[in-house]
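Geometric and topological summary
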Amino acid sequence: MTWLENLRRKKFMDPLTAALYLVPAGIVVIVFRMIPIVSAFILSFFDVKMGRIRGFVGLAQYVRLFQDPTFFSSLGTTVYYVAGVVPVSLFLSLLAAVLLNQKIRALGLYRTVFFLPVVTSLVAVSMVWKWIFHPRLGLLNYIFEVLGGNAMVWLEEPRGIFEMVASGLGWGWWPAGLSGPSLALIAVIIVAIWRGIGYNIVIFLAGLQNIPNQYYEAARIDGANSRGVFWKVTWPLLSPTTFYVLLSTTITSFQVFTQIYLMTGPPVGGPMGTTKVIVYYLFEKGFDAGGNMGYASAVALILFVIILSLTLVQRRLVESRVYY
Amino acid sequence: MRLGGSVGRDRTGHMEQTATLHDRELNAGYRTRRGVGRAGVYAGLVVGVVFMMVPFWWMLSTSLKSPLEILEFPPTWIPSGHFAERADGTWEEVYIVSRDEEAGTIDVRSVDGDQERTVAASAVANRIRFRFRNYGEAWSQAPFARYYFNTILITVFVVMGVLVTSSLAAYAFARMKFWGRDNIFLIFLSMMMVPQPVYLVPSYIILVKLGWIDSYQALIVPWLAHIFSIFLLRQHFKTIPDDLYDAAIIDGCSRFAFLWRVIVPLSKAVFVAVVVFTIVGTWNSFLWPLVMTNTPEVRPLQVGLARFSQEQGTSHELMMAAAAFSVAPLIIAYFFAQKQIIQSMATSGLKG
């Protein structure tokens, strides 16, 4: 059977043919992915204005970056945003998935509805929500008034929500550093939750349907109540899914840009810079005002380091609680 | 809490087939409580559905209102106008200028003219009417036809490119053996993890150097290869048994013919997934084209829509009309191919 062996060898060892198959994708990946990624690192050590490299500056960009209050406030705003979106989105989507994981009527209809925003463009979504949040004519303020609440200016409100709650409770004083995310940022967070929840529900539903029935039956026979079944069976067996949803939502949230660009301002990032997130800051520095691309690359590198280390830390933290 | 009750119900349906009488009696105790839980489940879902759908309703409803109706507060849920009866018994749409409660009359102005007149309050009524011409107005206020054409063109080229490059590369990674294969594949995968904002600036500089800023190339060529698609196809190609290959070669099938005639037909579902998330991703991409284009000639729909929204500012009915006709193609596609779209998006991890 030497001819068959030949055949197998032909299949396996043929670097030239393999290269031929790899060339189309390879060129694109190298030129438009690998070189840019490596350059992002290199560019952050250079002075680059409007696409022209003007000279090596060493760590100067980073030194400036770490003395830049706008950079830190944009970082803080992004953290507020992530901390607002991730837990609420996770909780609501898990709740909805558990509700949907039953013999309910018209399951498909619910899934269709919850997933619909995911295929809708973020630009259109942002426009619609900006209109809903309109301070005078908006739907939300109308609903608030009907329910007996006070109209708010939403996207134009620079005050932090903790500060607003405190003043609502009649406290005259609230520490300035603890005023929390602005109401404007909260509005953007609501939109992000609305947009992304359907995706997380679908992932959670798949996870729930992968849990074998026997575990539930065994728990029932042992007399576990509903709450016990959820915390002792569903939650631990669902933990790989939860972990994935947590991670992917966090990473996506760190890169928020479109909603900020379309819903806030003018100027974008307003009111009073309370919605200026890190990717918008990068965009502004690199492309908008003066085109300081070396500086923007330094911001990009910090963003990358944050996302990467967050991935690693989260993996460590959560994996110890994940049951495979 | 409803969470657990729900889980129990699903499983009980199965259990009941084997349940003894004793079990059933035990279960009967749950039943009333479960009924309440069931109502709660539906209540929760309905609240969710309303929260998800109201923005869509609001977009459509606003897009069909008149500019003056927009300014009314409280707002109308269904687009409707004020109609006043003419002397000859026909009705015309009017704006309300002022109301005189004591005299029971209303000053109205015709929508088409400037004439004001006073009519009896009983001769004015609200009627539902849709102002479809908002769509035409929005469409003609910006080069939306051009934007649409650009987006379709870009999407078609990107989808075709991704299909060709990914299946070739995936074939090499899955079925050929060459030096450094696994390491190259690993490098590919690690690049997939780098978020787009990180390499945006260098990509811009490269496109400047190539002279591609403000061209279709800038929006198409960098996206002609998609690492995740390569990954997905490779995983699937690896499941196709070796014997099939041997048999095909014995029958005189070439390596490429094997890919084209055997592997591709066997991988239809994966290809559908790749096509779907590539279309959705390309259609909705925003940051990249925003940075890489400056002129309307090559500007895709999303960037054009954003421009329109920033320039319009106050004509909410036109902005909502533009938003509606921009999301319409994908939403219509979604209603026809819902299952494929949900599955594809779920595998891709693509959220926008």
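Residues numbered from 1 in each chain as written. Chains lettered and ligands numbered in written order. Predicted model: local features only at pLDDT ≥ 70, side-chain atom pairs only at ≥ 80, totals over all residues. Heavy atoms only, no water.

**Considerations on the environment of W173 of chain A**
Residue and element names in this part refer to chain A. Within the secondary structure layout, W173 lies in the loop between helix 8 (161-168) and helix 9 (183-209). Looking at W173, the relative accessible area reads 67%, which means it is exposed. Considered as a pair, W173 and Y261 are 88 residues apart in the sequence and their alpha carbons are 33 Å apart. (Helix = DSSP H or I, 4+ residues; strand = E, 2+ residues; numbered from the N terminus. Buried < 20%, exposed > 50% of the residue type's maximum accessible area, 1.4 Å probe, protein only.)

**Comments concerning the packing of helix 6 (residues 122-132) of chain A against helix 15 (residues 316-336) of chain B**
Between two packed helices, what matters for the description is the angle formed by their axes and the separation of those axes. Axis separation between helix 6 of chain A and helix 15 of chain B bottoms out at 9 Å; the angle between their running directions is 150°. In terms of orientation, helix 6 of chain A lies roughly antiparallel with respect to helix 15 of chain B. Of the two elements, helix 6 of chain A crosses helix 15 of chain B, and the hand of that crossing is left-handed. Contacts from A124, M127, V128 and W131 of chain A of helix 6 of chain A reach helix 15 of chain B at H316, M319, M320, A323 and V327 of chain B. Of the residues that constitute the contact of helix 6 of chain A with helix 15 of chain B, the class distribution is eight nonpolar, one polar and no charged. (Axes fitted to C-alpha atoms, helices over the stretch in contact; angles between N-to-C directions. Parallel < 35°, antiparallel > 145°, perpendicular 65-115°, else oblique. Left-handed = near helix turned anticlockwise from the far one by under 90°. Contact = heavy atoms within 4.5 Å. Nonpolar A, V, L, I, M, F, W, Y, C, P; charged D, E, K, R; others polar.)

**Comments concerning the environment of V277 of chain A**
Assignment of secondary structure puts V277 of chain A in the loop between helix 12 (258-263) and helix 13 (278-288). Beyond its immediate chain neighbours, meaning those up to four positions away, V277 of chain A contacts S74, T77, T78, V256 and I260 of chain A.

**Some remarks on the domain arrangement of chain B**
When the parts come together, some accessible area is lost, and that loss is often what is quoted as the size of the interface. Residue and element names in this part refer to chain B. Domains assigned within chain B are domain 1 (2-63), domain 2 (80-129) and domain 3 (136-348). Each partner contributes to the interface: domain 1 provides five residues, whereas domain 3 provides eight residues. Between domain 1 and domain 3, a total of about 450 Å² is buried, with carbon and sulfur atoms accounting for 87% of that surface. For domain 1, the biggest contributors to the area lost against domain 3 are M59, T62 and S63; these three give 84% of the whole. (Domains from an automatic or database assignment. Buried area = accessible area lost by both parts, 1.4 Å probe.)

**Considerations on helix 11 (residues 255-266) of chain B**
For helix 11 of chain B, built from 12 residues, the straight-helix expectation of 16 Å at 1.5 Å per residue is met to within 8% by its first-to-last C-alpha distance of 16 Å. Taken as a whole, helix 11 of chain B has its buried residues at R255, A257, F258, L259, V262, I263 and V264 of chain B. (Expected span 1.5 Å × (residues − 1).)

**A short note on the domain arrangement of chain A**
All names here are of chain A. Segmentation of chain A into domains returns domain 1 (16-62) and domain 2 (69-319). The straight-line distance from the C-alpha centre of domain 1 to that of domain 2 is 32 Å. The interface of domain 1 with domain 2 comprises 12 residues on the first partner and 10 residues on the second. Summing both sides of the interface, domain 1 and domain 2 together bury roughly 870 Å²; the carbon and sulfur share of this comes to 67%. The set of elements that each furnish at least two residues to the side of domain 1 that touches domain 2 consists of helix 2 (15-43), strand 1 (46-49) and helix 3 (60-65). Broken down by element, the side of domain 1 that touches domain 2 gets its largest block of residues, four residues, from strand 1. Partitioned by chemical class, the residues of the side of domain 1 that touches domain 2 number seven nonpolar, three polar and two charged.

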